[in-house]
Amino acid sequence: MEGILLETNTGTVVKTPAAIGFDKEVFKKNVLDNLKVLFRKTLDTASQQEIFQAVAFEVKDLIVDRWLATQKAFKEQDAKYVYYLSMEFLMGRALGNNLINLCCYEDVANVLEELGLDINVLEDQEPDAALGNGGLGRLAACFIESLSTLNYPVYGCGIRYKYGMFKQEIHDGYQVEVPDNWLENGNPFEIKRPEYTQTVKFGGYVRIEWDAQRQRNRFIHDGYQAVHAVPYDIPVVGYNNNVVNALRIWDAQPIQEFNLASFDKGDYLHAVEQENLAKNIVDVLYPNDNHYSGKELRLKQQYFFVSASVQQAIKKYKECHSDLHKLPEKVCFQLNDTHPTVTVPELMRILLDEEGMEWDEAWEITTKCCAYTNHTIMAEALEKWPVDLFMRLLPRIYQIVQEINRRFLIEVEERYPNQYNKIRSMAILYEGQVRMANMAIVAGFSVNGVARLHTEILKKRELRDFYEMMPEKFNNKTNGITQRRFLLHGNPLLASWVTEKIGTDAWITDLPLIRGLEAYADDPKAQQEFMEIKYQNKLRLAKYIKEHNHIDVDPHSIFDVQVKRLHEYKRQLLNILHVIYLYNQMKANPEMDFYPTTFIFGAKAAAGYRRAKETIKLINSVADVVDNDPDIRGRIKVVFIENYRVSNAEIIFAASDVSEQISTASKEASGTGNMKFMLNGAVTLGTMDGANVEIVEEVGEENAFIFGMSSEEVMAYEANGGYHPEGIYRNDPDIHRILDQLVDGTFSHGDREMFREIYNSFLAPSYGRADQYFILKDFRSYAEARERVNKAYQDKARWAKMAMLNTANSGKFTSDRTIEEYVRDIWHLKKIAVEL
Ligand code: NBG
């Protein structure tokens, strides 16, 4: 395929393959027609938002032809599907990536240019589909994109939240949450599918009737409230292969199948209740990352989308198959964390109560259809529903859970007679709680962690008893990311340079080919080109920061970046305390040897997470003091980027020199931002945690900056005690000073209380252990690593080589590799070719 060169508004050149059968004139005409039909406007009167819509509808037209062809091919081949069940899909924007995957990005950009339009401006009109919190939701989005690109059938199943992740504004240094009304202008890519509406039932009671004919009890769910689940399909376009899968997200609608006037008062109230139930069920995404909040509405959301998805999957299966015993040959439900675990009892319910199966045959099918992915070992993230709440909301489902538990405990007792500790750790129902992870493990045929270290910790510690009892279920699937979004779309300059250097664009679907760059690692010309691209990307980010933060940053400085959710275990606090340390040093010794550095943060904090929100305020307060101190002369800059999300992440990764991956070892299950930085040629400054371990293995220790305690050391302290942060505070004068500055008003205009809670968290916390995440313990080692970074950057050639080698060795971390492993070990899907 011929490549095309394109000038973008940043003066950059993009090169990707030309589209097959793309007709410019038809496209142009149709965009103008769309403007007319949708808005009664012409180009000169339409707003950029309206033009975006008109273009998006035209792109949808290209997609739908492929979508129809895909469905036809999948049906003809009687394909097996994976249903990727997830509370979160953090999709970001669709227009640019759809064009890229249709291979007509440049063509469309050219057409638009001929119309006097700028594709970048139009892309900026699209709100992010922010139906997720962080890594877990973004992983789901990368996975379904890779599945499409690799010709595999998938339904992403989730919730069509009316309000996705909140928009973050910073007022006076504090985070303020603003509702994200992402559907305000409609979503041009989605298609409503009312013909697939399902009914989901809550509450009520279970009546038992004797079925004389079949000589068994029948369980009848009565007195419930019901809602309609109405699906909307969003296309997930594969790269250059005509495949389009669906992300199917469910909306809740009240059931209005009766005439209110003909009902008495009691039924009127019932009707209003049903209406209200439907109204708030999909209102909002819970903004917690790695944290369980135990709210009834959350369990409603879980059962709502799971029940609708499972019902739909069974109906689809039954359209072409008569024997439900063979369901596992055509369907696999992948549970993205414990959130969709009610899939297990829901599938049992359908097979038992609606299909009339016996327990054993239903269980046989269910356990061959469900697989579970664990994403964390953080205790506060484990879902444990109070039995009374669970039973009240899902009475029939609860009965089934009880029976699953009863039968499982008999097995445990047989295998481990009189070992009560085994029952204590593995029971599904225990001390008044429904333990969702245990249910997922008991019923799933596969349990996987998301990076090698994480899976080992699950096997050796968190899930040790399960691993001992059922080792064959456990497997690792190290996470990955899609290079189509995080290189080809997010960093077009680097993308075309890679293609030129390695002589092929095949890396777009075969990322390990990017290793071809290694040949250039010592080539001064290539080094210079690579750093020039980085510089251009830093200019682009600097422009973004100027527009959004009104701050000037020096694009020649080191861009040292930590962007991810705000969480204590991720240790943004370690980062900012070290900035304070540097500040103190520079004040004492203004001539110290230091290469100017811009410390960039971006993070949303859960709305109810006090310490996290105070950390945001601290970062902004330090930024203020450091930026306004004439002694610093701009050599240290701190920037907090407001409203970090997928769309600005793409710009940030491309511009980063240093990737901060500094979680307390053992706490970050994998991380995926670390991979996006690496792909874009940023060097990791991190602990031996999560996927960092595998990143270092791929790129070599000499091309990363590693510091801090090992996961073993951390877990040993946690198990045995013996860590005393106040000793460090007493004996290390620099640390002593930094902590004192939190409460002497240095960063708070004299207010001694503003950061008291953070100060106390190190020495005398109001809850939890002192310095629970070992910030003071790792501080010196971190400071030393940052000094190495600063020195290394001053050797331009060495740095260029390191950075380039990071890009060159990122091949393992494509989500294409991860998906092939899921397919090989868990899903057993077949690739299906789609012809137009
Ligand atoms: C997160 C982990 C990350 C991991 C993503 C995706 C949860 C519960 N877990 O380390 O914290 O990269 O999942 O697997 O959000």
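The preceding data block contains the structure.
Just so it is clear, the structure is predicted and the values come from calculations on it, not from any experiment.

A few words on the overall build of the protein. When its secondary structure is counted, the protein shows 31 helices and 27 strands. Relative to its length of 836 residues, the protein is compact, with a C-alpha radius of gyration of 27 Å against a globular reference of 28 Å. Taken along the three principal axes of its C-alpha coordinates, the protein extends 90 × 70 × 55 Å. Out of the 836 residues in the protein, the part that is buried amounts to 62%. For the protein, contacts bridging at least 24 residues in sequence account for 77% of all contacts bridging at least 6.

Moving on, we get to the state of the cysteines. Within the structure shown, the criterion is met by 0 disulfides. For the unlinked cysteine Cys157, the closest cysteine sulfur is that of Cys332, found at 12 Å. On the basis of relative accessibility, which here comes to 2%, the residue Cys157 falls in the buried class.

On to the sheet that holds strand β17 (residues 384-386). Taken in spatial order, the 3 strands line up as β17-β19-β18 in an open sheet, and their pairing is antiparallel. Of all the strands in the sheet, just β17 and β18 (429-430) have a single pairing partner and so form its edges. Here 3 bridges tie β17 to strand β19 (residues 433-435), and the two strands are oriented antiparallel to one another. Bridging from a neighbouring strand, Lys384 pairs with Arg435 of β19. Helix α14 (residues 436-443) contacts β17 and β19 of the sheet and is inclined by roughly 45 degrees relative to β19.

Turning next to the site of the ligand. For the ligand, the set of nearby residues contains 15 residues, the closest of which are Asn290, His375, Asn479, Glu668 and Gly671. At 2.8 Å from an oxygen atom of the ligand is found a side-chain nitrogen or oxygen belonging to Asn479. The separation between an oxygen atom of the ligand and a polar side-chain atom of Glu668 is 2.6 Å. Across the complex, the protein chains shield 95% of the 370 Å² of accessible surface that the ligand would expose by itself.

Looking now at the side chain of Asn620. By secondary structure assignment, the location of Asn620 is in helix α21 (residues 610-627). Filtering out sequence-adjacent residues up to four positions away, Asn620 remains in contact with Ile170, Gly173 and Phe640.

Time to look at the environment of Asp732. Within the secondary structure layout, Asp732 lies in the loop between α26 (725-731) and α27 (733-742). The sequence separation of Asp732 and Asp44 amounts to 688 residues, and the corresponding C-alpha distance is 66 Å. Here the side chain of Asp732 touches Ile735 through a polar contact of 3.2 Å, landing on its backbone nitrogen.

On the secondary structure map, Thr818 appears in helix α31 (residues 815-827). Other than its neighbours up to four places away in sequence, Thr818 contacts Phe143, Lys477, Thr478, Asn479 and Gly480.

Two quantities define a packed helix pair, namely the angle between the axes and the distance from one axis to the other. Interaxial distance between helix α10 (residues 359-369) and helix α12 (residues 395-415) falls to 13 Å at its minimum, and their mutual angle equals 90 degrees. The orientation of α10 relative to α12 falls into the category roughly perpendicular. Where α10 abuts α12, its residues Trp359, Asp360 and Trp363 lie against Ile400, Glu403, Ile404 and Arg407. Among the residues making up the contact of α10 with α12, the classes are represented as 4 nonpolar, no polar and 3 charged.

This part is about the pairing of strand β22 (residues 558-563). Each regular strand displays side chains that alternate between the two surfaces of the sheet. Most of β22 is tucked away: 6 of the 6 residues are buried. A two-sided burial pattern is seen for β22, the buried positions comprising Ile558, Asp560 and Gln562 on one face and Phe559, Val561 and Val563 on the other. The parallel pair β22 and strand β23 (residues 597-602) is bridged by helix α20 (residues 572-588), and the resulting crossover is right-handed.

So, on to α10. Residues of α10 that are buried: Trp359, Ala362, Ile365, Thr366, Thr367 and Cys369. At its buried positions, α10 is contacted by β15 (331-336), α9 (343-354), β16 (370-373), α12 and α14.

In terms of nonpolar packing, the biggest core is built from 283 residues, with Phe304, Phe390, Trp799 and Trp827 touching the most fellow members. The biggest single contributor to this core is helix α2 (residues 48-76), with 11 residues. Excluding its chain neighbours within four sequence positions, the residues that come into contact with Phe390 are Leu299, Val342, Trp385, Ile397, Tyr398, Val401, Val434 and Met436.

Attention shifts here to the packing of aromatic side chains. Summed over the entire model, instances satisfying the criterion amount to 30 aromatic pairs. Plain terms: the ring middles of Trp497 and Phe530 are 5.5 Å apart, the flat faces sit at 65 degrees to each other, and that makes the pair edge-to-face. In this pair, Trp497 is assigned in helix α18 (residues 492-502) and Phe530 in helix α19 (residues 524-549), connecting sequence segments 33 residues apart. By relative accessible area, Trp497 is classed as buried at 5%. Where Tyr822 meets Trp827, the ring centres are 4.8 Å apart and the plane angle is 25 degrees; that geometry is what we call stacked. Feature note: the residues Phe74, Tyr81, Tyr83, Tyr155 and Phe333 constitute an aromatic cluster, connected by ring pairs.

One open sheet accounts for 6 strands, arranged β24-β23-β22-β25-β26-β27; its pairing is parallel. Unpaired on one side and paired on the other, β24 (636-640) and β27 (705-706) mark the two borders of the sheet. Direction of pairing for β22 relative to β23: parallel, over a ladder of 6 bridges. By the bridge assignment, Phe559 is partnered in β23 with Thr598. Docked against the sheet, helix α30 (residues 796-808) engages β25 (658-661), β26 (683-686) and β27, running at close to 90 degrees with respect to β26.

What follows is about the layout of surface pockets. Considered as a void within the structure, the second largest pocket measures approximately 600 Å³ in volume. What lines the second largest pocket is a set of 27 residues, and nearest its centre among them are Gln71, Tyr81, Tyr155, Tyr196 and Lys316. Elements with a contribution of two residues or more to the lining of the second largest pocket: α2, β3 (81-85), β14 (244-254) and α8 (296-320). Here the lining of the second largest pocket gets 7 residues from one element, more than from any other, and that element is α2. Residues that form the lining of the second largest pocket fall into these classes: 15 nonpolar, 3 polar and 9 charged.

A water-sized probe rolled over the atoms picks out the places where empty space is left. One pass over the structure, following the stated rule, counts 7 cavities of 30 Å³ or more. Put simply, the largest cavity is a space of about 360 Å³. In terms of lining, the largest cavity is formed by 28 residues, of which the most central are Met91, Gly92, Arg93, Ala94 and Arg485. The set of elements that each furnish at least two residues to the lining of the largest cavity consists of β4 (89-92), α3 (95-101), α6 (135-149), β13 (225-237) and α17 (483-489). Top contributing element to the lining of the largest cavity by residue count: β13, with 4 residues. Taken as a whole, the second largest cavity spans an internal volume of roughly 180 Å³. Lining the second largest cavity are 17 residues, and of these Glu568, Leu573, Arg611, Ser761 and Ile775 lie nearest its centre.

Calculation criteria
Residues numbered from 1 in each chain as written. Predicted model: local features only at pLDDT ≥ 70, side-chain atom pairs only at ≥ 80, totals over all residues. Heavy atoms only, no water. Helix = DSSP H or I, 4+ residues; strand = E, 2+ residues; numbered from the N terminus. Rg over C-alpha atoms; globule rule 2.2 N^0.38 Å. Buried < 20%, exposed > 50% of the residue type's maximum accessible area, 1.4 Å probe, protein only. Contact = heavy atoms within 4.5 Å. Disulfide = S-S within 2.5 Å. Pairing = 2+ DSSP bridges. Axes fitted to C-alpha atoms, helices over the stretch in contact; angles between N-to-C directions. Near = heavy atom within 4 Å. Polar contact = N/O pair within 3.5 Å; in protein donor to acceptor, adjacent residues only side chain to side chain. Areas by Shrake-Rupley, 256 points an atom, 1.4 Å probe, with all protein chains shown as cover. Parallel < 35°, antiparallel > 145°, perpendicular 65-115°, else oblique. Nonpolar A, V, L, I, M, F, W, Y, C, P; charged D, E, K, R; others polar. Right-handed = clockwise from strand over helix to strand, strands pointing away. Core = buried A, V, L, I, M, F, W, Y, C linked by side-chain atoms within 4.5 Å. Phe/Tyr/Trp six-rings, centres within 6.5 Å; stacked < 30°, edge-to-face > 60°. 1 Å grid on protein atoms, 1.4 Å probe; cavity = no way out; pocket = protein on both sides within 12 Å on 5 of 7 lines; lining within 4 Å. Points joined across faces, edges and corners; volume = space filled by probe spheres on them.

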